[in-house]
Amino acid sequence: MSKFLPNQSYLGWKIAVTVFHVIAASTTIYRLVHRFRIRRLWWDDYVLFAALIVDTAFWPIYWARSPQPAVPSAEFIKKQRVLNSYWLTMFLYILILWSCRAVMALSLVRIFPPGHKGRRWSYYLVGIMVFGGIASLIITTVTCKPASALMVASEMKNCARGVNGIVVKNTLFFVADCISDLLLIITPLVFFWRIKLPTQERCLVLVFSLGSVLTLTAAVAYVIIANTKTVASLKKNASLVNLGLAATEVRL
């Protein structure tokens, strides 16, 4: 048992993740159905639909986890390695997270009229989000030496390290998170606050920015919590907590 935390409840984590999943999925479906009915589907909706599909696949994968028995069988170990593989954890997490950021940037595009500099900048922002997602995939795959094609995080060796032995991929991933969310927070405020808008529209701009503030806060909290000795001391339950935190972040 961890010196800092009690043994983790698999059912408790699964229920918590499910609650966030249901809220995120239901609001997303409502948005897509509404846009479809009024015939205003656009690229942001299509990308969001793809993210919803990936997120829906991520949910049962998390539920497939189970506590490790005192004497784990070979079949159990094999199953856990598959569930902890890069392709069923970090890969899906990155796809969902950066797809949602691209959706927010695309949502800005459709607000501005053609030819407006705000629209051009929003397209640049979309490109930045796509680049950030691709860069995150590359960073998380090439900075460590995998032990197998599954690329299980706990089996990674010879990870590139920076100052004070900090793993490079963790630092770069966090920096990319901060930059992307800050851009999504600042951009609408800079462009829209220069335009005379009714109070209701200004409130919508604030809500848009606050959405990215929430994501940034979740990213910071995830990095702080996931990299503490508290979570690391959970050992066999560490992946349950890490993925639970990641699943919560992407649904915010």
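Criteria and cut-off values
- Residues numbered from 1 in each chain as written.
- Predicted model: local features only at pLDDT ≥ 70, side-chain atom pairs only at ≥ 80, totals over all residues.
- Heavy atoms only, no water.
- Helix = DSSP H or I, 4+ residues; strand = E, 2+ residues; numbered from the N terminus.
- Buried < 20%, exposed > 50% of the residue type's maximum accessible area, 1.4 Å probe, protein only.
- Contact = heavy atoms within 4.5 Å.
- Areas by Shrake-Rupley, 256 points an atom, 1.4 Å probe, with all protein chains shown as cover.
- Phe/Tyr/Trp six-rings, centres within 6.5 Å; stacked < 30°, edge-to-face > 60°.
- Lys NZ or Arg CZ within 6 Å of the ring centre and 35° of its normal.
- Axes fitted to C-alpha atoms, helices over the stretch in contact; angles between N-to-C directions.
- Parallel < 35°, antiparallel > 145°, perpendicular 65-115°, else oblique.
- Nonpolar A, V, L, I, M, F, W, Y, C, P; charged D, E, K, R; others polar.
- Arc of directions from axis to C-beta.
- Salt bridge = Lys/Arg side-chain N within 4 Å of Asp/Glu carboxyl O.
- UniProt positions renumbered as here; feature names shortened; annotations may be inferred.
- Core = buried A, V, L, I, M, F, W, Y, C linked by side-chain atoms within 4.5 Å.
- Disulfide = S-S within 2.5 Å.

### Regarding the overall build of the protein chain
Within the protein chain, the regular secondary structure consists of nine helices and zero strands. Scanning the protein chain from its N terminus toward the C terminus, one meets helices and strands in the order α-α-α-α-α-α-α-α-α. Across the 252 residues of the protein chain, 39% fall into the buried class. Sequence-distant contacts, at least 24 apart, represent 70% of the contacts inside the protein chain between residues at least 6 apart. Of the roughly 14,200 Å² that the protein chain leaves accessible, carbon and sulfur atoms contribute 71%.

### Quick word on the packing of aromatic side chains
Applying the stated rule across the entire model yields six aromatic pairs. Considering the side-chain rings of Tyr-86 and Trp-87, the 5.2 Å spacing of their centres and the 90° angle between planes classify their relative orientation as edge-to-face. A relative accessible area of 4% means that Tyr-86 is categorised as buried. Under the relative-accessibility criterion, Trp-87 is labelled partly exposed at 39%. Ring geometry for Tyr-86 and Phe-91: centres 6.4 Å apart, planes at 50°, overall tilted. Residue class for Phe-91 comes out partly exposed when judged on its relative accessible area of 25%. Connected via pairs of aromatic rings, a cluster forms that spans Tyr-86, Trp-87 and Phe-91. Directly above the aromatic system of Trp-98 lies the positively charged group of Arg-101, at a separation of 4.6 Å from the ring centroid.

### Some points on the packing of helix H5 (residues 117-142) against helix H6 (residues 168-192)
Two elements in contact, H5 and H6, have axes separated by 10 Å at closest approach and are oriented at 170°. With respect to H6, the element H5 is oriented roughly antiparallel. Counted together, Lys-117, Gly-118, Trp-121, Leu-125, Ile-128, Met-129, Ser-136, Ile-139 and Thr-140 of H5 and Lys-169, Leu-172, Phe-173, Ser-180, Leu-183, Leu-184, Thr-187 and Phe-191 of H6 form the full contact between these two elements. Per-class residue counts for the contact of H5 with H6 are ten nonpolar, five polar and two charged.

### Considerations on helix H3 (residues 74-83)
What H3 keeps buried is the set Phe-76, Gln-80 and Leu-83. Around the axis of H3, the buried residues are gathered within 60° of arc, so they sit on the same side. Summarising the geometry of H3, the exposed residues directed more than 90 degrees from the buried face are Ala-74, Glu-75 and Lys-78. Buried-residue contacts for H3 involve helix H2 (43-63).

### As for the pattern of salt bridges
Across all of its chains, the model carries nine salt bridges by this definition. Of the charged contacts, one joins Glu-155 and Arg-81 as a salt bridge, the two residues approaching to 2.8 Å between their closest N and O atoms. Placement of Glu-155 in the loop between H5 and H6 and of Arg-81 in helix H3 is noted, with a sequence separation of 74 residues between them. For Glu-155, a relative accessible area of 22% translates into the label partly exposed. A relative accessible area of 27% places Arg-81 in the partly exposed class. Through salt bridges with shared partners, a single network forms among Arg-31, Arg-35, Asp-44, Asp-45 and Arg-110.

### Quick word on the UniProt feature "transmembrane region" (unreviewed entry) in the protein chain
The sites that carry the UniProt feature "transmembrane region" (unreviewed entry) are, in the present numbering, residues 12-33, 45-65, 85-109, 121-142, 172-192 and 204-225. Its end C-alpha atoms 30 Å apart, residues 172-192 is made of 100% helix and 0% strand.

### Brief notes about the nonpolar core
Residues Tyr-93 and Met-129 are the most contacted members of the largest nonpolar core, which totals 26 residues. Per element, the largest residue contribution to this core is ten residues, and it comes from helix H4 (residues 90-111). The next biggest cluster of nonpolar side chains, apart from the first, holds ten residues, and it includes Val-17, Ile-61, Leu-83 and Ala-247.

### Here we look at the environment of Ala-102
Relative to the helices and strands, Ala-102 resides in helix H4. Taking C-alpha positions, Ala-102 is 9.8 Å from Tyr-123, a pair spaced 21 residues apart along the chain. Once residues within four sequence positions are removed from consideration, Ala-102 is found in contact with Val-126 and Met-129.

### Re the state of the cysteines
All chains considered together, the criterion is met by one disulfide. Disulfide pairing is shown between Cys-144 and Cys-159; the S-S distance is 1.9 Å. In this structure, the disulfide formed by Cys-144 and Cys-159 twists by about 120° around the S-S bond and is classed as right-handed. You can see Cys-144 sitting in the loop between H5 and H6 and its partner Cys-159 sitting in the loop between H5 and H6, a full 15 residues away along the chain. Looking at Cys-144, the relative accessible area reads 6%, which means it is buried.

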